[in-house]
Amino acid sequence: MSSDGQLAEPIARQAGMPPTNTDDPNYFHKVVDCQWACPAHTPVPEYIRLIAQGRYSDAYMINWKSNVFPGVLGRTCDRPCEPACRRERVEDEPVAICRLKRVAADNKDDIKHRLPKPAEQKNGKRVALIGAGPASMTVARDLLPLGYDVTIYDADPFAGGMMRTQIPKFRLPERVLDEECGYILDLKPNTRFGERVNSLKSVLAENYDAIFVGCGAPRGRDLEIPGREEARANIHIGIDWLSSVSFGHIDRIGKRVIVLGGGNTAMDCCRTSRRLGGEDVKVVVRSGFEEMKASPWEKEDAMHEGIPIHNFLVPKEFAHTNGKLTGVVFEKVKAEYDAKGRRKLVPAGEPDVLFECDDVLVAVGQENAFPWIERDIGLEFDDKWDMPVVDEVSLQSTNPKVFFGGDAAFGPKNIIWAVAHGHAAAVSIDLFCNGKDVKAERPSDLVNLTSQKMGIHEWSYDNDVSVDLRFKVPHAPAEQTLRSVSMEVELGFTRDLGFKEAQRCLNCDIETVFEKNLCIECDACVDICPMDCITFTPNAPEAELRGELSAPAPNTTQDLYVSDILKTQRVMVKDEDVCLHCGLCAERCPTGAWDMKKFYLETAQAGSCHSGVSSR
């Protein structure tokens, strides 16, 4: 106390954590773990609730606004949202967020009347897009309704880029890609398909107001080891081979196939090989199984089709006889770790291994290739990787007219990252073409927070938290799918299964919001919380406070919700990491100090709030 007997509130406040600024939209956004983890920040819980209500078209439109390709991504996304899913706090497996996206796509009605229409009047600005992959198509979709005159270049005869050339049809049917690319082509861009761009300088000479480079990472890495030249006829670069299969140029392969590499491209290569005549198909990886870059489900699907994965084997030589490939010689290695935990592969000291084969598919990575970009146009490249110098926020290069996105910007990633880059680049191009600063004047996201209270203690959402194991996605019989390179393997959730899986969502966007002035510190919320995540305690620095909660909060990647000083000079602290958003605290609170409020964030796109899309 102070000398006059008053509690020293300023001193107490200085000693501990400041109250949480819930006016910062990123605070509650971060609590919606799945949406925070998604590069395009798709409002995941919102569309999952709509699926549970049978409102498939509405769910699709929310997806289409943010991630542009719901039907494609519902089959092929790398799912950064799922490892972040809060359902893993209750049981082992997250909500099948990706496959629920497909439920919306498969069951929607005709939504064309809800899409933007081609601009009735052009705004006088011309934009060139190099490449017709997911990044460029996203830029086109965002700019065309604003009146931009958009021209798309691509060496292939159809839109889609790597979605069409590198993802096998048994994973992504052509009709799905055609439909979702068609929604963008219906906005009437100029298309120069079948036209390869061999000079950026020549495109700049056409006096476009801005140019977006979204050409992907088109070059697969080769493997220059002894025997490569002699056996060249039967050694194929994985992404080029997949492209040839996609366009029907290749329809068979040898009976014995070795796939080198541990990423998703390698998984697509080995599964495609099984469908083109490969009877003995092996995947060989230099790393351990857990360190492979392929998604866990991609590895599972390959092994389910009878394809073994051999680890800790480094290719040493292509064996051949008179120029004909006969096998690959591998050196056995093992992992060793230094004092800092860094891994190094060293020889295991065991005899080399020979795997006989007829064909080899090399899928050991991809890299960008920019021989067509001249080095005298004011566009800088870095010294380490010979990549264009690109601003991570605006995606603008050192030539202010030229923007990059997708794999062409920062190296190979995935479709959802390409879409996110497309949105960001479209914002920048719109600002640039209107004479505005592409970093300082970026539009803010649309955010709102609305109470879900329907009565004193009733909510507008289902807040039951039960243990529901993840439902399995039905597959077509392997004896049928392995005979066809185009028959889709996954059948997708039925409506019934989609409803049941949607019910597993914990509604993480329904936030627990605390009102300090209404709290009487009765501890009713503490008593009823099933996760022991609410504590009333004297304030302290964060590291100390985390250890003093009812259930210690060791995960510092998620925030603590800290109130201002209460009447007893304590603070309310809630661990956002383990809160299940069940609403029991708000139901039990006799004064309404707790409320359940739905947080909704829609990322800004080109033209600020303009979209022309009816999402709900």
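Scroll up to find the structure this text is about.
Residues numbered from 1 in each chain as written. Predicted model: local features only at pLDDT ≥ 70, side-chain atom pairs only at ≥ 80, totals over all residues. Heavy atoms only, no water.

Draft legend 1. Just the nonpolar core, in detail. In this structure, F69, L143, L200, I211, I373, F404 and I429 are the most contacted members of the largest nonpolar core, which totals 65 residues. Not counting residues up to four positions away in its chain, the partners in contact with F404 are F212, V213, F370, I373, L379, P388, V390, L395, S397 and A409. Membership of the second largest hydrophobic core comes to 55 residues, among which are I62, L100, A104 and Y561. (Core = buried A, V, L, I, M, F, W, Y, C linked by side-chain atoms within 4.5 Å. Buried < 20%, exposed > 50% of the residue type's maximum accessible area, 1.4 Å probe, protein only. Contact = heavy atoms within 4.5 Å.)

Draft legend 2. The arrangement of the packing of aromatic side chains in detail. One pass over the structure, following the stated rule, counts 11 aromatic pairs. Note on Y27 and F28: the rings are 5.2 Å apart at their centroids and 70° apart in plane angle, and the pair reads as edge-to-face. Assessed through its relative accessible area of 6%, Y27 is described here as buried. Cluster of aromatic residues (ring-pair linked, three or more members): Y27, F28, Y561 and F599. Between the NZ or CZ atom of R79 and the centre of the ring of W297, over which it lies, the distance is 3.7 Å. The ring of Y208 is capped by R126, whose NZ or CZ atom sits 4.3 Å from the centre of that ring. (Phe/Tyr/Trp six-rings, centres within 6.5 Å; stacked < 30°, edge-to-face > 60°. Lys NZ or Arg CZ within 6 Å of the ring centre and 35° of its normal.)

Draft legend 3. How the structure looks around the side chain of R102. Assignment of secondary structure puts R102 in helix α8 (residues 97-107). Classification of R102 as buried rests on a relative accessible area of 5%. When residues no more than four places from it in sequence are discounted, the contact partners of R102 are G74, R75, E488, E490, L491 and G492. (Helix = DSSP H or I, 4+ residues; strand = E, 2+ residues; numbered from the N terminus.)

Draft legend 4. Quick look at the pattern of salt bridges. Considering all chains together, one arrives at 50 salt bridges under this definition. With a shortest N-O distance of 2.8 Å, R75 and E488 are connected by a salt bridge. Here the residue R75 occupies a position in helix α6 (residues 70-76), and E488 occupies one in the loop between α18 (478-481) and α19 (495-502), the gap between them amounting to 413 residues. On the basis of relative accessibility, which here comes to 5%, the residue R75 falls in the buried class. (Salt bridge = Lys/Arg side-chain N within 4 Å of Asp/Glu carboxyl O.)

Draft legend 5. Summary view of the side chain of R86. Tracing the chain through its elements places R86 in the loop between α7 (81-84) and α8. Residue R86 is classed as buried on the basis of its relative accessible area, which comes to 1%. Side chain to side chain, R86 and D33 meet in a polar contact 2.5 Å long. Leaving out residues up to four positions away in the same chain, R86 has contacts with V31, D33, L506, C508, Q558, E576, D577, V578, C579, L580 and H581. (Polar contact = N/O pair within 3.5 Å; in protein donor to acceptor, adjacent residues only side chain to side chain.)

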